[in-house]
Amino acid sequence: MDDAELEVLLRNERYPWSAGYSARWIVDGGMGPNPVWQAEALAERMRLEPGMRVLDMGCGAALSSIFLAKEFGVEVWATDLWVKPEENLRRTTEAHVEDQVHPIYAEAHALPFAEDFFDALISIGAYHYFGTDDLYLGYYSRFVRPGGQIGIIQPGLAAEYETLPPPHLEPYWKWDFCAWHSAGWWRRHWEKTGLVTVEVADRLPNGWRDWLQWNEACDHDRGTPGQEEAQMLHADSGQSLGLARVVAHRNN
Ligand SMILES: C[S@@+](CC[C@H](N)C(=O)[O-])C[C@H]1O[C@@H](n2cnc3c(N)ncnc32)[C@H](O)[C@@H]1O
């Protein structure tokens, strides 16, 4: 598929800031449902100002880090485990933000930062890989200054299910989807620590449609339309699946 066709498939008026970024660049680097759209959706509920120090935890190919640096003038520590920092340095240099975005290789439980260092911690499509442990927020939140913000967005559910997934999702279900939770679950998960105050915990309006649009565009681009995740999102039609967004600030 050529770049112009891909651009059309990923046109989405919901995300005006993301529209300034090439669809090909996003598809080549995206590791989950459009990290740039998700960064925009998260940023609209956070207070990001020029010069702020931001941790992008689980940044993957650092597209969200580059987006936030360019759109908000923040300085970003683009931290990831699976993507090599050399690769992200190349991308930040190509995007002319190498002075503003710092690629870091680190595991989420061994972060090489000083406590209270950041003004904001963000995580896109990644926090559920390491943050469902009851005790993790106590570790993670110490890296943001008191009063600083913590924002996450990732695949999630409309509501928690008791044991097995809803029957219409069973044909598609993989065991590790057990880490997908509702916004309400995340609110409770964080609030019960007493360490943060949750400001936003919602299901992104129409997030499932954005996710599906992303998957369909990527599937078409690879020449393999109708892959399983897109089938699952179609079958669900927003009943259970979507994107869960949570924003909190660290208590003093
Ligand atoms: C689905 S990808 C999302 C990447 C990127 N934010 C995006 O949306 O394209 C999940 C990312 O979480 C990171 N990750 C998962 N477990 C991690 C851990 N224990 N420590 C650090 N990063 C982790 C991986 O390196 C991976 O890049």
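Cut-offs applied
Residues numbered from 1 in each chain as written. Predicted model: local features only at pLDDT ≥ 70, side-chain atom pairs only at ≥ 80, totals over all residues. Heavy atoms only, no water. Helix = DSSP H or I, 4+ residues; strand = E, 2+ residues; numbered from the N terminus. Rg over C-alpha atoms; globule rule 2.2 N^0.38 Å. Buried < 20%, exposed > 50% of the residue type's maximum accessible area, 1.4 Å probe, protein only. Areas by Shrake-Rupley, 256 points an atom, 1.4 Å probe, with all protein chains shown as cover. Near = heavy atom within 4 Å. Polar contact = N/O pair within 3.5 Å; in protein donor to acceptor, adjacent residues only side chain to side chain. Nonpolar A, V, L, I, M, F, W, Y, C, P; charged D, E, K, R; others polar. Pairing = 2+ DSSP bridges. Salt bridge = Lys/Arg side-chain N within 4 Å of Asp/Glu carboxyl O. Core = buried A, V, L, I, M, F, W, Y, C linked by side-chain atoms within 4.5 Å. Contact = heavy atoms within 4.5 Å. Lys, Arg positive; Asp, Glu negative; His and termini not counted.

Student: I tried to follow the overall build of the protein chain on my own but got confused; where do I start?
Tutor: If you tally the helices and strands in the protein chain, you get ten helices and eight strands. Relative to a compact globule of 252 residues, whose C-alpha radius of gyration would be 18 Å, the protein chain shows 18 Å and is just as compact. On the principal axes, the C-alpha backbone points of the protein chain span a range of 45 × 45 × 30 Å. Scored against the burial criterion, the 252 residues of the protein chain give a buried share of 53%. Looking at the protein chain as shown, the accessible area adds up to about 11,400 Å², and 51% of this sits on carbon and sulfur atoms.

Student: Quick question: what am I supposed to make of the site of the ligand here?
Tutor: Residues in contact with the ligand amount to 19 residues; listed here are only the nearest, Gly58, Asp80, Glu107, Ala108 and Ile124. A distance of 3.4 Å separates an oxygen atom of the ligand from a polar backbone atom of Leu81. Burial of the ligand by the protein chains amounts to 95% of its free accessible area of 590 Å². For the shell around the ligand, the residue count by class is twelve nonpolar, five polar and two charged.

Student: Can you walk me through the pairing of strand E4 (residues 118-124) in this structure?
Tutor: A regular strand carries its side chains on alternate faces of the sheet. Buried residues dominate E4, accounting for seven of its seven residues. The pairing of strand E1 (residues 53-57) with E4 spans three bridges and is parallel. Along E4, the bridge assignment pairs Leu55 with Leu121. Where E4 and strand E5 (residues 144-157) come together, six bridges link them in parallel fashion. Its bridge partner lying in E5, Leu121 is registered against Ile150.

Student: Explain the pattern of salt bridges to me, please; I cannot follow it from the model alone.
Tutor: If charged atoms from side chains of opposite charge come close, those side chains can pair. As enumerated under the stated definition, the model contains 16 salt bridges in all. One salt bridge connects Arg145 with Asp119, and the closest N-O pair in it is separated by 2.9 Å. Here Arg145 is found in strand E5, whereas its partner Asp119 is found in strand E4, with 26 residues between them in sequence. Arg145 gets classed as partly exposed once you look at its relative accessible area, which sits at 30%.

Student: Which parts of the structure should I look at to understand helix H4 (residues 63-72)?
Tutor: In an α-helix, one full turn covers 3.6 residues, which means residues spaced three or four apart are oriented alike. With eight of ten residues buried, H4 is to be regarded as a mostly interior element. Taken together, the buried positions of H4 are Leu63, Ser64, Ser65, Ile66, Phe67, Leu68, Ala69 and Phe72.

Student: Honestly, the environment of Tyr129 in this entry has me stumped. Any pointers?
Tutor: Assignment of secondary structure puts Tyr129 in helix H6 (residues 127-130). Of the residues examined, Tyr129 reaches a relative accessible area of 53% and is grouped as exposed. Sequence separation between Tyr129 and Asp176 is 47 residues, and the spatial gap between their C-alpha atoms is 9.2 Å.

Student: I would appreciate a short explanation of the nonpolar core in the present structure.
Tutor: Nonpolar side chains tend toward joint burial in soluble globular proteins. Ranked by size, the top nonpolar core spans 56 residues in total, and within it Leu48, Val54, Leu68, Val74, Trp180 and Leu241 carry the most contacts. Sequence-distant contacts of Leu48, defined by excluding residues within four places in its chain, comprise Ala43, Val54, Leu68, Phe72, Val74 and Ala120.

Student: Whenever I open this one, the environment of Arg47 confuses me. Can you help?
Tutor: Examined against the element boundaries, Arg47 turns out to sit in the loop between helix H3 (35-43) and E1. Sequence separation of Arg47 and Ala120 is 73 residues, and the distance between their C-alpha atoms is 8.9 Å. In this view, Arg47 contacts Met52, Gln149 and Glu199; residues no more than four positions away in its chain are not counted. A polar contact is formed between the side chain of Arg47 and the side chain of Glu199, at a distance of 3.3 Å.

Student: Help me understand the side chain of Asp236 in this model?
Tutor: Tracing the chain through its elements places Asp236 in helix H10 (residues 228-236). The side chain of Asp236 is buried and forms no salt bridge, while Arg203, the nearest opposite charge, is found at 5.1 Å. Discounting chain neighbours no more than four positions away, the residues touching Asp236 are His168, Leu169 and Leu241.

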